[in-house]
Every structure is written in structure tokens, then in C-alpha cells.
Amino acid sequence: MSQHKTINLDDEIYRYLLSHSVHESEILNELREETSRQSLSRMQIAPDQGQLLSMLVRLCNARKAIEIGVFTGYSSICIAQALPEDGALIACDISEEWTTIASKYWQRAGLSNRIDLQIAPALQTLKKLLDMGEQSSFDFAFIDADKENYLAYYEACLQLVRKGGLICIDNVLWSGKVLETEDQDDETRAIQELNEHLFSDDRIDLVMLPVADGISLAMKK
């Protein structure tokens, strides 16, 4: 194994990383605290991951973005705040319960006018966008929802993003379970299949980063 492999982040190093790189707004901090008290709080992205999303959106000069999987809205804020004033984020989720929390914080952050929440199965929303002729019109997509549909989400987003557009996919290391060869559950198999598909897909340039639970960045050629 190369001595230059990514450093193992123990708690002390991770605290250093956060304290020397992450500038979390008061609203994002309050949202993270409120979400931490929810039963499915593990679904929230990490603060360093959120800051990475904001930077990627800015690097893409994105005006139009898609998010698949909103939960309580932390990642939505990170994406939408990096868009220009006339930018738009299509936010896809099926839970009115969680997105009610999200909407409250979007309003507080002054971002409600940039976020178009679609409460429906995401594949249905993506198909509607394609049927409306929105192919190659989006700059950025973030996928963080039910893992069994990851591949379908990716293929739809690949049609929707422009050349040079970026698709970010969360949980691609799946707490290390991607290494399992026996007794995989459906979610693990879905992520393994997606990772193999991305690696062999010559329509994109790919990098997998060990940020949080692993995030893959796929840039459309």
C-alpha cells in the first residue's frame, strides 16, 4: 500500500479539520443541531461535506441544480446559497415531514425563492424534466436518497446535466460495506453496482473522495 494514501481521520484530526476549514453559518449550525435530535439524524450530511458542495457549485458556475434526497435541508442550503440570485435548485423528496423542517430553514436563510421543492418520487420528477425538454440544461446534481435507485438517478441526471456539468453522489463507500462479497443487502449491492458502473462509464470523468461516507464526482464529457 502506498505511503501516500489518504490519512486516517481519527476524532482529533477530524476536529482539527473542522476547526481549520469549515465556516458553518448560524442557520446551518442550528439546523444541524435540530436534525441531530431526530430519529434518522444519521442521514444528514457532514458540515465539511456541505462546504465542499458549495464550493463545487461555485466552481461549476452553476445556475441550475438538482438535488435528489432533501431530508431536513442542510445540503439544499449549501447548494442554493452558492447559486446566483437568479439560480434555481430542483429539490426532490417524498417526505413532507422532513421537508417541512427544511422549508423553515430555507426561509430563514432567504433561499426559498431559489428552491423548487418537488414532493414526488424523484424518478417521476426527473422524467417530467426530461419530457419538458430539459436535457443538458442543468449544471450540477447531488444524489443522496434511496440507494436501490442510485443507478437510475444517475442515468437520468446524466441526461439532464450539460457537458462539463457535475454529478455528486453520496455514500459511495457505505461505511466500508462496499467490500462485502457475501450477505449483502439490497442497498449495498446497489452501491457496489453503481460504483462499478461509474468506473467503466466513458461518458464521464470520475473521482471518488473519502469525504464523510464517500462521495463520487462525475463530470460529464
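### So, the packing of aromatic side chains
Step number 1: Counted by the stated rule, this structure contains one aromatic pair.
Step number 2: Against the face of F138 rests K64, its NZ or CZ located 4.4 Å from the ring centre.

### Some details on a negative patch on the surface
Step number 1: Negative charge collects at one region of the surface, where D146, E148, E180, E182, D183 and D185 lie side by side.
Step number 2: Looking at the secondary structure, you find D185 in the loop between β5 (161-170) and α8 (186-200).
Step number 3: What makes D185 partly exposed here is its relative accessible area of 34%.

### Re a nonpolar patch on the surface
Step number 1: There is a patch of nonpolar side chains on the surface, built from I7, L9 and I13 and spanning about 260 Å² of accessible area.
Step number 2: Overall, I7 belongs to the exposed group, its relative accessible area being 56%.

### Some words on the pattern of salt bridges
Step number 1: Applying the stated criterion across every chain, the model contains twelve salt bridges.
Step number 2: Between D144 and K147 there is a salt bridge; the shortest N-O distance is 3.5 Å. Each member of the pair, D144 together with K147, is buried.
Step number 3: The closest approach of N and O atoms between R189 and D186, which form a salt bridge, is 2.4 Å. Here the residue R189 and the residue D186 both occupy positions in helix α8, the gap between them amounting to three residues, near one helical turn.
Step number 4: A relative accessible area of 33% places R189 in the partly exposed class.
Step number 5: Where salt bridges share partners, they join E155, D201 and R203 into one cluster.

Conventions adopted
Residues numbered from 1 in each chain as written. Predicted model: local features only at pLDDT ≥ 70, side-chain atom pairs only at ≥ 80, totals over all residues. Heavy atoms only, no water. Phe/Tyr/Trp six-rings, centres within 6.5 Å; stacked < 30°, edge-to-face > 60°. Lys NZ or Arg CZ within 6 Å of the ring centre and 35° of its normal. Patch = residues over 30% accessible without salt bridge, like charges linked within 9 Å, V, L, I, M, F, W, Y side chains within 5 Å. Areas by Shrake-Rupley, 256 points an atom, 1.4 Å probe, with all protein chains shown as cover. Salt bridge = Lys/Arg side-chain N within 4 Å of Asp/Glu carboxyl O. Lys, Arg positive; Asp, Glu negative; His and termini not counted. Charge placed at Lys NZ, Arg CZ, Asp CG, Glu CD. Helix = DSSP H or I, 4+ residues; strand = E, 2+ residues; numbered from the N terminus. Buried < 20%, exposed > 50% of the residue type's maximum accessible area, 1.4 Å probe, protein only.

So far we have only geometry, and geometry alone does not tell us how the molecule works.
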